[in-house]
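# Report on the structure
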Amino acid sequence: MTANQPPQIAHRRMGVAETSYSMRQAKGAGSAAHPGFHDGLDLIKHVAELGGGGGQVRVAGWDTAMAERVRAFCEKAGLFVEGQIGLPKDADDAARFERELATLKLAGGRIARTILHGGRRYEVFDSLPAYEAWRKRAWESLRLAEPIVRKLGMKLAIENHKEVRIDELLDLVKRTGSEAIGICVDTGNSIALLEDPYEVVEAYAPFAMSVHVKDMGVKATPEGFLLSEVPLGDGFLDLPRIVKRLRAANPTIAFNLEMITRDPLSIPCLTDKYWITMPAVPARDLARTLALVRAKENPAKPLPAITGLDPAARLAFEEDNIRKSYAYARAKLDL
């Protein structure tokens, strides 16, 4: 961002979380029409061509020269950069975490998004004790990360991925007692854990440091429902309401599109295994979510899917979904 450009102006334009380009970033991916991205700078340059505001990218493997190139480009183009950095697994991994965070700072970023676990709670864990043991490890990782984040003058935003519900994530954030630790609010993930998307936004807004903005589509199944990212405006979320609330809580917050083009995810909330790690979740949450699915599924708009598409068609589909989302964001969300 340029010296005379306030952060809130740069952040008015929507950025992109690199997961939106999961296919185009894959090793060896790319087509004549949609060349592959070799690194985060390629992605950020593409976002600039789309008229976007910046990017949330992995910094693992960046050297000083790469960080300086990213900073120079973003400053000239008036873009922001955020990082995606994994928490330290243990004390031996803390040096890696600090190195990546310092690299992000050199690149001009001040906020790093992280996740506690990359998997989905109802798929990964086979028992409640296994889940509780993981939660203890997650807390230790966060405890190792916090003083490093604070020392570097950075912010760490934990995403509400598909492993923690509202009370669990807020417990971790509050327990740190640190202004350096907050939340990357994902507007769709928590539906998979039977949470109301607007209650999620309200609960996390006071701690919001970054946003994964996405719209969602649903479809009922015998085991529960399908959940899918869809282009902004094609789903059932009240995105103007969500954006307004999060901006009110943090006027300089960056909104990063996370439009993952893939087959719909199965949320098997009517199976026994789904409930193994969530025995205390009230039945009303299940009833509310299933009622929402029935009310919001749209047979006239099939959920996006990539099965059956050749590689070039998949890349084109990914790009089209992102461009549609940008058009909606500019027209309806002041992004």
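Numbers given for residues are sequential positions, taken from 1 along each chain in its written order. At least 70 in pLDDT is required for a residue's local features to be given in this predicted model, at least 80 for side-chain atom pairs to be given and counted, and no such filter applies to totals for whole chains, interfaces and linings, which use all residues. Side-chain measures were taken over the full set of non-hydrogen atoms in the model, leaving aside hydrogen atoms and water.

## Some words on the packing of aromatic side chains
- Pairing of aromatic rings covers Phe, Tyr and the six-membered ring of Trp, with a centre-to-centre limit of 6.5 Å; geometry is then stacked below 30 degrees between planes, edge-to-face above 60, and tilted otherwise. Counted by the stated rule, this structure contains 6 aromatic pairs.
- Through successive ring pairs, a cluster of aromatic residues spans Tyr122, Tyr274 and Trp275.
- Look at NZ for Lys and CZ for Arg. If either is within 6 Å of the ring centre and within 35 degrees of the ring normal, a charge sits over the ring. If you follow Lys45 out to its NZ or CZ, it ends over the ring of Phe73, 5.9 Å from the centre.

## With respect to the pairing of strand β9 (residues 224-230)
- The element β9 is extensively covered by neighbouring structure, given that 6 of its 7 residues are classed as buried.
- Sheet topology note: the strand β8 (residues 215-221)/β9 ladder contains 7 bridges and is antiparallel. Residue pairing for β9: Met216 is matched across the bridge by Glu229.
- Two strands qualify as a pair provided DSSP detects at least 2 bridges between them. Working definition: helices are DSSP H or I runs of at least four residues, strands are E runs of at least two. Numbering for both runs from the N terminus. Here β8 hands over to β9 after 2 residues, the two strands then running antiparallel side by side. Each residue's exposure class comes from its accessible area (1.4 Å probe, protein chains only) as a fraction of the maximum for that residue type: buried when under 20%, exposed when over 50%, partly exposed otherwise.

## Digging into the packing of helix α2 (residues 40-50) against helix α3 (residues 64-77)
- Each axis is a line fitted through C-alpha atoms, taken for helices only over the stretch in contact, and angles between the N-to-C directions span 0 to 180 degrees. Running from N to C, α2 and α3 point in directions that differ by 10°, and their axes come no closer than 10 Å. Overall, the two elements α2 and α3 adopt an arrangement that is roughly parallel. Across the interface between the two elements, Gly40, Leu41, Ile44, Lys45 and Ala48 of α2 pack against Met66, Arg69, Val70, Phe73 and Cys74 of α3.
- Grouping the amino acids of the contact of α2 with α3 by side-chain chemistry returns 7 nonpolar, 1 polar and 2 charged. The labels follow the angle: roughly parallel below 35 degrees, roughly antiparallel above 145, roughly perpendicular from 65 to 115, and oblique for the rest. In what follows, residue pairs with any heavy atoms lying within 4.5 Å of each other are defined as contacts. The classification used treats Ala, Val, Leu, Ile, Met, Phe, Trp, Tyr, Cys and Pro as nonpolar, Asp, Glu, Lys and Arg as charged, and all other residues, Gly among them, as polar.

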